[in-house]
Amino acid sequence: MDFKVGSLNTDKPANGDVGCLATNHVSSIKSTTPITPISSAAATLGRYLARRLVQIGVSDVFAVPGDFNLTLLDDLIAEPGLELIGCCNELNAGYAADGYARSRGVGACAVTFTVGGLSILNAIAGAYSENLPIICIVGGPNSNDYGTNRILHHTIGLPDFSQELRCFQTVTCHQAIVNSMEDAHEKIDTAILTALKESKPVYISISCNLSAIPHPTFSHEPVPFCLEPKLSNSMGLEAAVDAAAEFLNKAAKPVMVAGPKLKVAKACNAFLELADACGYAVAAMPSAKGLMKESHPQFIGTYWGAVSTAFCAEIVESADAYIFAGPIFNDYSSVGYSLLLKKEKAIIVQPDRVFIANGPAFGCVLMKEFLPALAKKLKRNTSAYENHRRIYVPQGLPLQGYPKEPLRINRLFKHIQEMLSGDSAIIAETGDSWFNCQKLKLPEGCGYEFQMQYGSIGWSVGATLGYAQAAKNKRVIACIGDGSFQVTAQDISTMLRCEQNTIIFLINNGGYTIEVEIHDGPYNVIKNWNYTGLVDAIHNGDGKCWTTKVQCEEELVEAIEISTEVKKDCLCFIEIIVHKDDTSKELLEWGSRVCSANSRPPNPQ
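Residues numbered from 1 in each chain as written. Predicted model: local features only at pLDDT ≥ 70, side-chain atom pairs only at ≥ 80, totals over all residues. Heavy atoms only, no water.

Visitor: Hey, could you run me through the overall build of the chain in this one?
Guide: The number of helices and strands found in the chain is 21 helices and 19 strands. A compact globule built from 605 residues should have a C-alpha radius of gyration of about 25 Å, and the chain, at 25 Å, falls within 12% of that. Overall, the C-alpha framework of the chain stretches about 70 × 65 × 60 Å when taken along its three principal axes. Sorting the 605 residues of the chain into buried and exposed places 56% on the buried side. For the chain, the proportion of contacts with a sequence separation of at least 24, taken over those separated by at least 6, is 75%. For the chain, the exposed surface amounts to about 24,600 Å²; the carbon and sulfur share of it is 53%. Distance between charge centres in the chain, computed from 51 positive and 63 negative side chains, equals 6 Å. (Helix = DSSP H or I, 4+ residues; strand = E, 2+ residues; numbered from the N terminus. Rg over C-alpha atoms; globule rule 2.2 N^0.38 Å. Buried < 20%, exposed > 50% of the residue type's maximum accessible area, 1.4 Å probe, protein only. Contact = heavy atoms within 4.5 Å. Areas by Shrake-Rupley, 256 points an atom, 1.4 Å probe, with all protein chains shown as cover. Lys, Arg positive; Asp, Glu negative; His and termini not counted. Charge placed at Lys NZ, Arg CZ, Asp CG, Glu CD.)

Okay, structure coming up:
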């Protein structure tokens, strides 16, 4: 794709390199760039912000109205190319911006002061943990109230307007309080550029009385954004490549493992280039699923310690050298800190730093430049992949059910696998869907998203809304547990208003199953809802919606056929009734190990 200066790639290629700024072009604006005057009615702060959002690739803003942001919302609505998506609550608006950014490369949301800001905070924290650039816009107090002793509504009753700001300082990479017209454009531009450069959320508060005011600084079309490309230190890059090549070329059976930070490093293509060149067996960490082509001839599956794809962990952990590109090692990804990895065998490549085993670390070395350079210096070594071929035994199919037998989870995901294509995308909610969706073989071009680092239940409803709005060329398939659905169910209504045709599999097993396997208790049992009845009530005859309840495989096959043919242009909600103890074996293993990690006794003082 040919980029203009400052444009964003709004398509999501198979390699996951989304939202790339045009840093491959010159980072200056030519003197011949036309300066287009705009009418005074459009020369307002709010319209300026709206134009900036459109310019970076945002065409939808997820919002909840409140008295401090109403005028600002008018400005967003007035901007051609920008659609305002009203959500049922701020948390879902934030989750929707999260899902949107995963597909489009950047997202935006707009809420009101404090009651809206603190409500959306959890979603913004999740986006921060997942390295997603989101422009979080808050309608703030009247500019005349700053510096006074006044107490405002929507606050905790103290003359202090900074409570919301202090909360956002820990979960955003930049904060801007716009309460003056003179520097408004500068503050907005700095915030947006910082979000794009850091690939993290930013917070912009705009005083409620300023949005609609014209100002000379907004009287012309804004100059397109332009970021200077990040470059490696050339000497450091050369030294890092030489040290890594020497280390890996001595190994008998080295392997490669893709990590989630490949995406933020814009290095998915570079990782693929290295895999093609070196011949190593290639695995992916669970949170990197979808970043590495699963059709690649050297791909051996998901590396997730004790709950890895069959025969994958054995190859990775028995290797005498492994290169991890962009890993995140936490208690979840390490299965309760139980990975059998050794530091002296590992090369860890982060977006801008390389660590060589127990030896040196090299800073100012970009992953996207390091991996292709390393590819040119590695000897081809297919030993680990050949070992995998020798020991690999294909997994058997799940047992066939007898007629009208209660549906089993493994049979459900067998049928979901058959639904997947390059025109689909999977959203996996926190819970057993993590493990079942990890086992799906993704066709090339098939999207895949889940929130592993933050793991907030309920994330998937809003994220599905946002992802589907951004990726209208794909049909989204969401796998959501009943406990998670109860947290954020309301925005099914927004999906209907946006005329989305997502397929939602609501897995009804009567509780928080992932919590049960970590530590059981009566608090993990939830009130059973009539989920299809709820969605029918939300539908209320307005929009295209089809629901059904499935209890056996025959009903599942029929439901999938209807949802993919007759109802392919509808939002399809399929409630799956399964036994409360029907879980993947991976969840059972993972839960026991995470439980063990959580329950470690205090170290002696």
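Visitor: Would you explain the nonpolar core in this entry?
Guide: Buried together is how nonpolar side chains tend to be arranged in soluble globular proteins. Counting 58 residues, the largest nonpolar core has Phe62, Ile124, Phe168, Phe485, Ile492 and Ile504 as its most contacted members. What isoleucine 124 contacts, discounting residues up to four positions off in sequence, is Cys109, Ile134, Cys136, Phe168, Val171, Thr172 and Pro201. (Core = buried A, V, L, I, M, F, W, Y, C linked by side-chain atoms within 4.5 Å.)

Visitor: Please explain the packing of aromatic side chains as it appears in this structure.
Guide: The geometry of an aromatic ring pair comes down to the distance between the two centres and the angle between the two planes. Counted according to the given criterion, the structure contains 21 aromatic pairs. Relative to tryptophan 434, the ring of tyrosine 332 lies with its centre 5.6 Å away and its plane at 75°, an arrangement referred to as edge-to-face. Here tyrosine 332 is found in the loop between β10 (322-325) and β11 (346-350), whereas its partner tryptophan 434 is found in helix α14 (residues 432-438), with 102 residues between them in sequence. Ring pairing ties together the aromatic residues Trp304, Tyr332, Trp434, Phe435, Tyr448, Phe450 and Trp590, which thus form one cluster. Across the ring face of tyrosine 128, the terminal group of lysine 200 is positioned such that the distance to the ring centre comes to 4.0 Å. The ring of tyrosine 448 carries the charged tip of lysine 289 above its face, separated from the ring centre by 5.6 Å. (Phe/Tyr/Trp six-rings, centres within 6.5 Å; stacked < 30°, edge-to-face > 60°. Lys NZ or Arg CZ within 6 Å of the ring centre and 35° of its normal.)

Visitor: What am I meant to see in the sheet that holds strand β5 (residues 175-178) here?
Guide: Across a sheet, strands are paired by hydrogen bonds formed along the backbone, either parallel or antiparallel in direction. Strand order across the open sheet formed by six strands is β2-β1-β3-β4-β6-β5, with parallel pairing between neighbours. Both edges of this open sheet fall to β2 (83-86) and β5, since each of them pairs with a single strand only. Between one strand axis and the next, the sheet turns through 20° on average, direction left out of account. The pairing of strand β1 (residues 60-63) with β2 spans four bridges and is parallel. Looking at β2, one finds that aspartate 60 is bridged to glutamate 83. Sheet strands touched by helix α1 (residues 45-55): β1, β3 (107-112), β4 (134-140), β5 and β6 (202-207). Its angle to β4, the strand with the most contacts, is close to 170°. Against the sheet, helix α2 (residues 70-78) contacts β1, β2, β3 and β4, and its axis sits at roughly 130° relative to β2. (Pairing = 2+ DSSP bridges. Axes fitted to C-alpha atoms, helices over the stretch in contact; angles between N-to-C directions.)

Taken by themselves, the reported measurements are silent on function.
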